[in-house]
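So you can see what is in the structure, the chains are spelled out below.
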There are 4 protein chains.
Amino acid sequence: MAETSITITPRFYETDALGHINNASIAAWLEVSRMSFTGSLLAGTGQDAFSWLVASIHIDFVAETLMGTDVVARISGARAGNTSLTIEHELWQGEQLTVRGTSVLVHVDLQTRSGAPLPQIVRDGLAAAGF
Amino acid sequence: MAETSITITPRFYETDALGHINNASIAAWLEVSRMSFTGSLLAGTGQDAFSWLVASIHIDFVAETLMGTDVVARISGARAGNTSLTIEHELWQGEQLTVRGTSVLVHVDLQTRSGAPLPQIVRDGLAAAGF
Amino acid sequence: MAETSITITPRFYETDALGHINNASIAAWLEVSRMSFTGSLLAGTGQDAFSWLVASIHIDFVAETLMGTDVVARISGARAGNTSLTIEHELWQGEQLTVRGTSVLVHVDLQTRSGAPLPQIVRDGLAAAGF
Amino acid sequence: MAETSITITPRFYETDALGHINNASIAAWLEVSRMSFTGSLLAGTGQDAFSWLVASIHIDFVAETLMGTDVVARISGARAGNTSLTIEHELWQGEQLTVRGTSVLVHVDLQTRSGAPLPQIVRDGLAAAGF
């Protein structure tokens, strides 16, 4: 089953002197969220969960993310290309959408670091998740 | 004088198990680069270097960034809006462009956290830098 | 109730090129663990969970910490001083103790940043936890 | 020549909501400092700069480390064991000692991850540096 939602508890060292979660920590959280998602798509296959390179990320900081309230990191969409996987992210604190993001991953052969077609199980998992 | 280029020496803890610099570290480096740039635009004014919030970042990972070679982080463009500042980034390792990015900052009143017009000195600095 | 054990799922960006969790990420996890603990001691008091400064940390890396297995971060001991709190840490992956650590915190008045006596509720919480 | 002093410019994302450099960032800086040092001891040998594991770190936070002033990270002492290397650290901001630390490294065979005797060139470099 595709894992499309995880909970992240903000950590103090992830704040900065403006008193909120630093933008680079948000970039790190998107990695946590998408690796949980891609890992779930490959679960039980023995395929390497790390066989993705990040081609691009885009992050809109819609509102400040603060300490003290858990963050729900949702995968709100995903689209398969030939070797790429585009993932849409949302971060929520309670009723507040704080971050909207997009990650583009490339599925790679870890030896050559060149693109490899998305495994069928990934395509099936995306379809099963309604993406 | 606008500071449009800084050198960043990759750090070991910024690598990940794929052996290259992790994408979240790159997001962190863009902050280093743009704060050097915005700080230089406000140098000597007594204005707070931290009076910017990040509205969005976009990062294209053009090639892997590796340990062992210094990174030149260039500001390759900048455009002033009313309260926003859009900054174009490039990271180079030797002759290799490894990252292209865009940061959109909003100049804020730190008390209210709402947008405040870009100071004239920022506009002047951008013009002097040829942006 | 004192929170003496939390679970931490290792994150990919916390690894380094040696393929294990980087030592600086472990230092960060000890902060997560001790703030969960001190926060639980002050829960419901309205007292600021952040009114501690770190005086020292000591970390013994007993074995490598790896991706793929959750880490249990235990507070295995705590001793109250006048204004200080010494906390003993253990990190476990399954049956493997991977890290042993000690944090010394100073309870501070956040305005003056000088030491303030440990609140009685902290002493009571330590006693209730068997420390 | 042993590199016993480097300059680190504090980065905004390394601060936390208390307005100073977070303790975990300091742990990361000690890695930067000791890898510069051990790398310099092995320079030109073709030996792998990463053939060290961290056995322990100890950090005393003598004073807060702040943004806005460069940090000088000094190696103030080093002692060779059979397979281990103990390194003494100091961080200074201007005239203020802010951090005193100790790192214990183990020289390892990266294949087996077991201890390997310190290379003679390391012992020679330590002696040349007056340690």
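The structure under discussion appears in the preceding block.
Every chain begins its residue count from 1, and numbering advances along the sequence as written. Chain A is the first chain written and ligand 1 is the first ligand written, with later ones labelled in order. Two thresholds apply to this predicted model, a pLDDT of at least 70 for residue-level local features and 80 or more for giving and counting side-chain atom pairs, whereas whole-chain, interface and lining totals are computed over all residues. Computation of side-chain values covers all heavy atoms of the structure but excludes hydrogens and water.

**Comments concerning the interface of chain D and chain B**
Point 1. Taken residue by residue, the interface counts 12 residues in chain D and 12 residues in chain B.
Point 2. A carboxyl oxygen of Asp or Glu within 4 Å of a side-chain nitrogen of Lys or Arg is what we treat as a salt bridge. Across the chain D-chain B interface, the total number found is two salt bridges.
Point 3. Note that B:R11 and D:E14 form a salt bridge whose closest N and O atoms lie 3.0 Å from each other.
Point 4. Pairs of N or O atoms are called polar contacts if they sit within 3.5 Å, as long as, within protein, a hydrogen donor faces a hydrogen acceptor (for residues adjacent in sequence, only side-chain-to-side-chain pairs). Put simply, chain D and chain B have four residue pairs in polar contact (both at pLDDT 80 or more) between them.
Point 5. Take the side of chain D that touches chain B: its biggest share by element is five residues, from helix α1 (residues 23–42) of chain D.
Point 6. Across the side of chain D that touches chain B, the residue classes break down as nine nonpolar, no polar and three charged. Residue contacts are defined here by distance: any two heavy atoms, one from each residue, within 4.5 Å place the two residues in contact. Each helix is a run of DSSP H or I of at least 4 residues and each strand a run of E of at least 2, with the numbering of both proceeding from the N terminus. Three categories are distinguished: nonpolar for Ala, Val, Leu, Ile, Met, Phe, Trp, Tyr, Cys and Pro, charged for Asp, Glu, Lys and Arg, and polar for the others, with Gly belonging to the last.

**Details of the interface of chain A and chain B**
Accessible area lost when the parts come together is the quantity often used to give the size of an interface.
Point 1. Opposite the 23 residues of chain A that make contact, chain B presents 23 residues.
Point 2. Counting across the interface, chain A meets chain B through two salt bridges.
Point 3. Two residues, A:R113 and B:E64, come together in a salt bridge whose shortest N-O distance is 2.3 Å.
Point 4. Listing elements by their share of the side of chain A that touches chain B, those giving two or more residues are α1 (23–41) and β2 (52–61) of chain A.
Point 5. Take the side of chain A that touches chain B: its biggest share by element is 10 residues, from β2(A).
Point 6. Looking at the side of chain A that touches chain B residue by residue, the classes come out as 13 nonpolar, five polar and five charged.
Point 7. Bridge analysis of β2(A) against strand β2 (residues 52–61) of chain B gives five bridges, and the strand direction is antiparallel. Across the sheet, residue A:H58 finds its bridge partner in β2(B), namely B:H58. If DSSP finds at least two bridges between two strands, the strands pair.

**Things to note about the side chain of B:S56**
Point 1. One can find B:S56 in strand β2.
Point 2. Contact partners of B:S56, with chain neighbours within four places excluded, come to A:H58, A:I59, A:D60, A:F61, B:T102, B:S103 and B:V104.

**Re the nonpolar core**
Soluble globular proteins: nonpolar side chains tend toward being buried together.
Point 1. Buried Ala, Val, Leu, Ile, Met, Phe, Trp, Tyr and Cys residues that are joined via side-chain atoms within 4.5 Å together make up what is termed a nonpolar core. Relative accessibility decides the category of a residue: with a 1.4 Å probe and only protein chains considered, values under 20% of the type maximum give buried, values over 50% give exposed, and everything between is partly exposed. If you look at the biggest cluster of nonpolar residues, it comprises 99 residues, and the most contacted ones within it are A:I59, B:I59, C:I59 and D:I59.
Point 2. Discounting residues that sit within four places of it in the chain, B:I59 has contacts with A:A55, A:S56, A:I57, B:I26, B:A27, B:L30, B:V99, B:R100 and B:G101.

**Notes on the relation of the copies chain D and chain B**
Point 1. Overlaying chain D on chain B yields an RMSD of 0.0 Å, the required transformation being a rotation through 180° with an accompanying axial translation of 0.0 Å. Accordingly, the operation relating the two chain copies is best matched by a two-fold axis. Minimal C-alpha distance to the rotation axis in chain D is attained by D:I8, lying at 5.3 Å.
Point 2. The residues that chain D uses at the interface reappear at the interface of chain B in 100% of cases, marking a shared surface. Least squares is the method used to superpose the copies, on C-alpha atoms of residues holding a pLDDT of at least 70 in both.

**Some details on helix α1 (residues 23–41) of chain B**
Point 1. In this scheme, a helix's expected span is set at 1.5 Å multiplied by one less than its residue total. Under the 1.5 Å per step criterion, the end-to-end length of α1(B) is 27 Å for 19 residues, consistent within 8% with the ideal 27 Å.
Point 2. Here α1(B) starts with a cap whose side-chain oxygen sits 2.8 Å from the backbone nitrogen of B:A24, and that cap is B:N22.

**Remarks on the packing of aromatic side chains**
The relative placement of two aromatic rings is captured by the distance of their centres and the angle of their planes.
All names here are of chain C.
Point 1. Here is the rule: rings of Phe, Tyr and Trp (six-membered ring for Trp) pair when centre to centre is within 6.5 Å. Planes less than 30 degrees apart are stacked, more than 60 are edge-to-face, and the remainder are tilted. Under the definition given, this model contains four aromatic pairs over all chains.
Point 2. With a centroid separation of 6.0 Å and an interplanar angle of 70°, the aromatic rings of F37 and F131 are classed as edge-to-face. Placement of the pair is F37 in helix α1 (residues 23–42) and F131 in the segment after α2 (120–128), with a sequence separation of 94 residues.
Point 3. A residue is classified by how much of its surface remains accessible, and F131, at 32% relative accessible area, is partly exposed.

**Notes on the pairing of β2(B)**
Residues and elements named next belong to chain B.
Point 1. Burial within β2 is extensive, with seven of its 10 residues counted as buried.
Point 2. Here nine bridges tie β2 to strand β5 (residues 96–109), and the two strands are oriented antiparallel to one another. Residue V54 lies in a different strand from β5, and its bridge partner there is L105.

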